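Residue-level listing of the chains:
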Amino acid sequence: MALGSLLDAGADLDEVRSLIDRLPIGGWKLSVESVMRGGLAGTKARVETEESGVVRTAAHIVGLLEEARLPDRLRGRALAAFDALANAEGRIHNHPPAKVHFHEVGGLDAIVDVVGTCSALEVLDVGEVYCSPIAQGLGMIRSAHGQIPNPAPAVVELLRGAPTYGLQLPYELTTPTGATLMASLATGWGPMPAMRIEASGFGAGDRDMEDQPNLVQVVLGQLTSVAPDGQPLLLLEANLDDATGEVLADAIAALFGAGAADAWVTPILMKKGRPGHTVSALCDLALGAQLAGVMKQETGSLGIRGQQLTRWPAARTADEVEVEGRAVRVKVSAGRVKIEHDDASRVARHTGKPVREVISLAEEAWRRGGSIPAPPPVLGVIDGMNTGGDGDDTGGDGDDTGGDGDGTGGDGDDAAS
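Residues numbered from 1 in each chain as written. Predicted model: local features only at pLDDT ≥ 70, side-chain atom pairs only at ≥ 80, totals over all residues. Heavy atoms only, no water.

Section: the overall build of the protein
Put simply, the test is: Runs of E in the DSSP output that reach at least two residues are strands. Runs of H or I that reach at least four are helices, and both are numbered from the N terminus. Think of it in three bands: with a 1.4 Å probe and only protein chains considered, a residue is buried below 20% of the maximum accessible area for its type, exposed above 50%, and partly exposed in between. We call two residues in contact when some of their heavy atoms are within 4.5 Å. All accessibility values rest on the Shrake-Rupley procedure with a 1.4 Å probe; residue burial counts only the protein chains present in the view.
The secondary structure content of the protein amounts to eleven helices and 18 strands. Within the protein, buried positions represent 42% of all 417 residues. Considering only contacts in the protein between residues 6 or more positions apart, those separated by 24 or more positions represent 68%. A total of about 21000 Å² of accessible surface is found on the protein, and carbon and sulfur atoms cover 50% of it.

Some thoughts on the pattern of salt bridges
Put simply, the rule reads: Within this document, salt bridges are pairs made up of a side-chain nitrogen of Lys or Arg and a carboxyl oxygen of Asp or Glu, the two lying within 4 Å of each other.
A full pass over the atoms with the stated rule returns 16 salt bridges. Ionic pairing is found between Arg17 and Asp14, a salt bridge with its closest N-O pair at 3.0 Å. Here Arg17 and its partner Asp14 are both found in helix H2 (residues 13-20), three residues apart, which amounts to about one turn of the helix. On the accessibility criterion, Arg17 (26% relative accessible area) is partly exposed.

Focus on unusual backbone geometry
In this structure, the amide linkage connecting Asn150 to the following residue, Pro151, adopts the cis form with an omega of 5°. Assignment of secondary structure puts Pro151 in the loop between strand E6 (146-149) and helix H6 (153-158). The phi angle at Lys272 is positive, at roughly 60°, despite the residue not being glycine. Structurally, the position occupied by Lys272 is in the loop between strand E12 (262-269) and strand E13 (275-283).

Notes on helix H8 (residues 245-257)
A turn of α-helix holds 3.6 residues, and therefore any two residues three or four places apart point the same way. Convention followed: Here a helix's expected span is defined as the number of its residues, less one, multiplied by 1.5 Å.
The end-to-end C-alpha distance of H8 is 18 Å, a good match for the 18 Å that 13 residues give at a rise of 1.5 Å each. Positioned one or two residues after H8, Gly259 has a phi angle of 110°, which is positive.

Examining the side chain of Thr43
The criterion, for reference: Think of a polar contact as two N or O atoms within 3.5 Å of one another; within protein, one of them needs to be a possible hydrogen donor and the other a possible acceptor, and neighboring residues in sequence only count if both atoms come from side chains.
Within the secondary structure, Thr43 sits in strand E2 (residues 40-49). One polar contact links Thr43 to Asp8, side chain to side chain, over a distance of 2.6 Å. When neighbours within four sequence positions are excluded, Thr43 is seen to be in contact with Gly4, Asp8, Val32, Glu33, Phe202, Gly203 and Ala204.

Some details on the confidence of the model for the protein
Operational definition: A residue's pLDDT is the predictor's confidence in that residue, given on a scale from 0 to 100.
The share of residues in the protein with pLDDT of 70 or more is 84%, and the mean pLDDT across the chain is 83. Predicted confidence for residues 370-375 stays below pLDDT 50, and this span has 15 contacts to residues more than four positions away or in other chains.

Digging into the pairing of strand E10 (residues 215-223)
Where we set the bar: When DSSP locates at least two bridges between a pair of strands, those strands are taken to pair.
Counting buried positions over the nine residues of E10 gives seven, a clear majority of the element. Across nine bridges, the pairing between strand E9 (residues 195-204) and E10 is antiparallel. Paired with Met195 across the bridge in E10 is Leu223.

Considerations on the sheet that holds E13
Within a sheet, each strand pairs with its neighbour through backbone hydrogen bonds, oriented either parallel or antiparallel. Just so we agree on the cut-off: The axes are straight lines fitted to the C-alpha atoms, using for helices just the contacting stretch, and the angles between their N-to-C directions are given from 0 to 180°.
Read from one edge of the open sheet, four strands run E12-E13-E11-E14, paired in antiparallel fashion. Looking at the sheet topology across the chains shown, the edges are occupied by E12 and strand E14 (305-311). The average angle at which neighbouring strand axes cross in this sheet is 25°, direction not considered. Sheet analysis places strand E11 (residues 231-240) next to E14, joined by seven bridges and oriented antiparallel. Within the sheet, the bridge partner assigned to Gln231 lies in E14 and is Arg311. Across the sheet, H8 is in contact with E11, E12 and E13; its angle to E12 comes to roughly 150°.

A closer look at helix H5 (residues 108-123)
Its 16 residues give H5 an end-to-end C-alpha distance of 22 Å, which sits within 8% of 22 Å, the value for a rise of 1.5 Å per residue. Most of H5 is tucked away: 13 of the 16 residues are buried. Phi turns positive, to about 60°, at Asp125, one or two residues after H5.

What about the nonpolar core?
Note the threshold: Residues grouped as a nonpolar core are buried Ala, Val, Leu, Ile, Met, Phe, Trp, Tyr and Cys residues, joined through side-chain atoms within 4.5 Å.
Core analysis: the biggest nonpolar cluster contains 59 residues, and Leu23 and Leu65 have the highest contact counts within it. When residues no more than four places from it in sequence are discounted, the contact partners of Leu65 are Leu23, Leu70, Arg75, Ala78, Leu79, Phe82 and Val115.

As for the pairing of E13
On a regular strand, each side chain points to the face opposite its neighbour's, so the side chains alternate between the two faces of the sheet. Within E13, seven of the nine residues are buried, which leaves it mostly tucked inside the rest of the structure. Where E11 meets E13, seven bridges bridge the pair, whose relative direction is antiparallel. Bridging across to E13, Glu237 finds its partner in Ser280. When E12 meets E13, the two strands line up antiparallel, connected through eight bridges. Within E13, the position partnered with Asp262 by the bridge is Leu282.

Let's talk about a positive patch on the surface
Just so we agree on the cut-off: What makes a patch is a set of residues exposed beyond 30% relative accessible area and free of salt bridges, joined within 9 Å when like-charged and within 5 Å when nonpolar (Val, Leu, Ile, Met, Phe, Trp, Tyr). His is not counted here, nor are the chain ends, while Lys and Arg score as positive and Asp and Glu score as negative. A charged residue contributes its charge at one atom only: NZ of Lys, CZ of Arg, CG of Asp or CD of Glu.
The grouping of Arg316, Lys331, Arg336 and Lys338 at the surface amounts to a positive patch. When you line up the elements, Arg336 lands in strand E17 (residues 336-339). Look at Arg336 and you get partly exposed, because its relative accessible area is 48%.

Notes on the packing of H2 against H5
Heads up, the condition is: For classification purposes, an angle smaller than 35 degrees is called roughly parallel, one larger than 145 roughly antiparallel, one from 65 to 115 roughly perpendicular, and anything else oblique. What makes a crossing left-handed is the near helix being turned counterclockwise from the far one by less than a right angle; a clockwise turn instead makes it right-handed. Residues are grouped as follows: Ala, Val, Leu, Ile, Met, Phe, Trp, Tyr, Cys and Pro are nonpolar; Asp, Glu, Lys and Arg are charged; all remaining types, including Gly, are polar.
H5 packs onto H2 with a crossing angle of 125° between their chain directions and a minimal axis gap of 9 Å. The pairing of H2 with H5 is recorded here as oblique in orientation. Viewed along their axes, H2 and H5 form a crossing whose handedness is right-handed. Contacts from Glu15, Val16, Leu19 and Ile20 of H2 reach H5 at Val112, Val115, Gly116, Ser119, Ala120 and Val123. Split into classes, the residues belonging to the contact of H2 with H5 amount to seven nonpolar, two polar and one charged.

In structure tokens:
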């Protein structure tokens, strides 16, 4: 379905076939047809094979990909996909990844699916892929190991850390092949990023479901930004009126340990005049679910709220100087140099000097050995431009990306999601 969506969005079928044909394997055929699913037109990609019944190992497939004369980016994506699958299967079956035996995903049709999807991305010159939350069905499904839960254990393992949701449908809505592609290709997860749309396509599945169209959508385009160099982040918060100072301090430490870019506590007045605190954390969009779980666990809050916002961090470099023969780290940005306080405190304890003197000596040492860049000009805000953090405006670098979550994305030219 992913391959069909990219072909539907404009990837040339002959060029895709030509790239797949570089694999040292034969006995496969790729064709397409236009079909209707739930009243929408889509492209059904069909892979027909003459299977030999060979069960391939991860090492075997890596050898096939290394032997093929594929473009570097295409080969890297395909290797990443099978590496993700090997690690997932290895954890499930307690085997070393290189010795994992691929059953369904090691079949010739699945190899053509994966390499074909990566080839279509290459033909479209897509450099970044964004993916929406991934749907899962329920019940039981048949596999090479017999009846297994839906979603399959491999799918669950591959999508660890990715946003997913369940539907009341007794179908396998996400296959191991699809999960492998999304887990290895996705640059980011969530809603479609700010972009200028250039093309879109639908890839169709075999089943025509009654309740919804059985389609994967891809959107190709170029990233846009509301302001230069903005960085999209997620702000997570919880209001607490029953947390002690010790709990709050431990929560902040745990949030930093889980990858928060920043975390803090704000005193507030809550209902019934109760004094309380707001615990806040800033994090990358991809870490949202992980940080929300940490915040909930550490604070005992019954709910976490969040919103997307944009920040403009100053460019900085890291360096190191010596004070009394001891290393002190410094951060250098336009117009200033900042001493790492923990390092200054450590040197102060060992030398007996006041911390402020150690900081002064470190700054002096830096100025002797380097130079501080001039401060940048003041950035003017264009009237009417929304630079707030309500989740609608995000930064971008002008590269191309896309998506509503089912497709794929670009390398500064075209992208999808």
